[in-house]
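Residue-level structure breakdown
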Amino acid sequence: MRNHIIAAAALALCLLTGCAGRSVAQYLVVSSMAVDCSSAPMTVVLEIAGEEQNDYMTLQGGSYGAIFAQAQRRSGRQIYLGAMQCVVFGGVPDGKALLSQLTALQSDSRISPNLQIALCENAQEFYSDGADGEKLAALLTLQYTDSRRSSLKELLNLFGAEGRDGLIAWVSTGDGELILDGVVPTGSSDYTAVWKPNEFCTLLLHRQEEMRLTVAENGTAAGVSVSRLKLSRVTVEGNRAKARFSAVATVQSLSGPGMSRETLEGGLRRELMEQIEELDRAVMQNGKSDLLGIEKRAQLMGSAVPEQLYRNTGYSVDFILRDPKGLLER
């Protein structure tokens, strides 16, 4: 994979120089970096792409421009940032601090707007246990976020859109592997409060196509898949919002004496409401984030919106229950 980065950088540099300039070996090709924002000046660890193995360079400075210039002086090579895939930040206390960092990165035209962003506890130690930018980019694509939603450009759009929060991956390393510990909502006031989304949240935010639930009632267990989940309606009554979700549920299996449609509907609604309430407690009620965009949706419907309406929301869920195999009692 390192050869892939070198080849991509070589092609880009060839296009930029007309293939008549320096070879790729004469450039300092940065593939990722870890940024420690816990104290000033910030400490940055650059991952430098190499033919056989990557190297690392630790620098301190008051700005990214100063740090990149420092890297050039130390290496004697011109820095190339166009191949940088991701940045992981440590020591970021809140969204305001992260926004400042992202804005500074965006201002450097050498950096791609598709740069992937993540958070960690200790940025200076991030590469010490086998982690690298290639692994991090792959992890972000496969897990709670994807390559568009976790990009520099998309996160800046989220910070600039009132009432529309997103999720930032929080990662750690262990036994030579990268671990996705959870996420932090962009609107959170505490970027150290890591939350692991339940299946309802990941389905709602289109991070997976369906979720599987088992509904047990009176000695019978029904396996149900839930898909096409969405927040279908938001209304405001006084100082309280009412949010309604809708979904499609399909009976996949049934074991036991039998179950009626009415019984399954009641059990499934209870299971879904438990996950909705978990999401509400973890993120919405404590004022961390309006992850569902409650306030924005209420405004679009012409409702007067009290401050932090999303902290006082009642929920309901409707679904179409399908039984294509005829497993339920008639």
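In this report, we go over the structure that sits alongside the text. Just so you know, these numbers come straight off a predicted model, no measurement behind them.

Here we look at the overall build of the protein chain
In terms of helices and strands, the protein chain carries eight helices and 12 strands. Scored against the burial criterion, the 330 residues of the protein chain give a buried share of 49%. In the protein chain, the share of contacts with a sequence separation of at least 24, taken over all contacts with a separation of at least 6, comes to 64%. Put simply, the protein chain shows about 15,800 Å² of open surface, and 46% of that area lies on carbon and sulfur atoms.

Overview of the environment of Val 184
One can find Val 184 in strand β8 (residues 177–185). The spacing of Val 184 and Ala 118 is 66 residues in sequence and 9.6 Å in space, taken between C-alpha atoms.

Comments concerning helix α3 (residues 95–106)
Since the α-helix advances by 3.6 residues per turn, residues separated by three or four positions end up pointing in the same direction. Here α3 spans 16 Å end to end across 12 residues, near enough to the 16 Å set by a 1.5 Å rise per residue. Listed as buried for α3 are Gly 95, Leu 98, Gln 101, Leu 102 and Leu 105. Projection of α3 onto a plane perpendicular to its axis shows the buried side chains occupying an angular sector of 125 degrees, all on one side. Of the residues that open α3, the one with a side-chain oxygen 3.3 Å from the backbone nitrogen of Lys 96 is Asp 94.

Focus on the sheet that holds strand β12 (residues 313–322)
An order of β9-β10-β11-β12 is seen for the four strands of this open sheet, with the pairing classed as mixed. The open sheet has two edge strands with one neighbour each: β9 (210–217) and β12. Geometrically, the sheet is characterised by an average inter-axis angle of 40 degrees between neighbouring strands, direction not taken into account. Pairing of β9 with strand β10 (residues 220–237) involves eight bridges; the strand directions are antiparallel. Residue Met 211 lies in a different strand from β10, and its bridge partner there is Val 226. Where helix α7 (residues 261–284) meets the sheet, its contacts fall on β9, β10, β11 (240–255) and β12, and the angle it forms with β12 comes to roughly 145 degrees.

Considering unusual backbone geometry
Residues Ala 40 and Pro 41 are joined by a peptide bond in cis, for which omega reads -5 degrees. Considering the arrangement of structural elements, one finds Pro 41 in the loop between β1 (27–36) and β2 (42–48). The backbone of Asn 218 shows a phi angle near 55 degrees, a positive value even though the residue is not glycine. Turning to its location among the elements, Asn 218 is positioned in the loop between β9 and β10. Judged by its relative accessible area of 74%, Asn 218 is exposed.

About the cut-offs
- Residues numbered from 1 in each chain as written.
- Predicted model: local features only at pLDDT ≥ 70, side-chain atom pairs only at ≥ 80, totals over all residues.
- Heavy atoms only, no water.
- Helix = DSSP H or I, 4+ residues; strand = E, 2+ residues; numbered from the N terminus.
- Buried < 20%, exposed > 50% of the residue type's maximum accessible area, 1.4 Å probe, protein only.
- Contact = heavy atoms within 4.5 Å.
- Areas by Shrake-Rupley, 256 points an atom, 1.4 Å probe, with all protein chains shown as cover.
- Expected span 1.5 Å × (residues − 1).
- Arc of directions from axis to C-beta.
- Polar contact = N/O pair within 3.5 Å; in protein donor to acceptor, adjacent residues only side chain to side chain.
- Pairing = 2+ DSSP bridges.
- Axes fitted to C-alpha atoms, helices over the stretch in contact; angles between N-to-C directions.

Any link to function would need more than the numbers given here.
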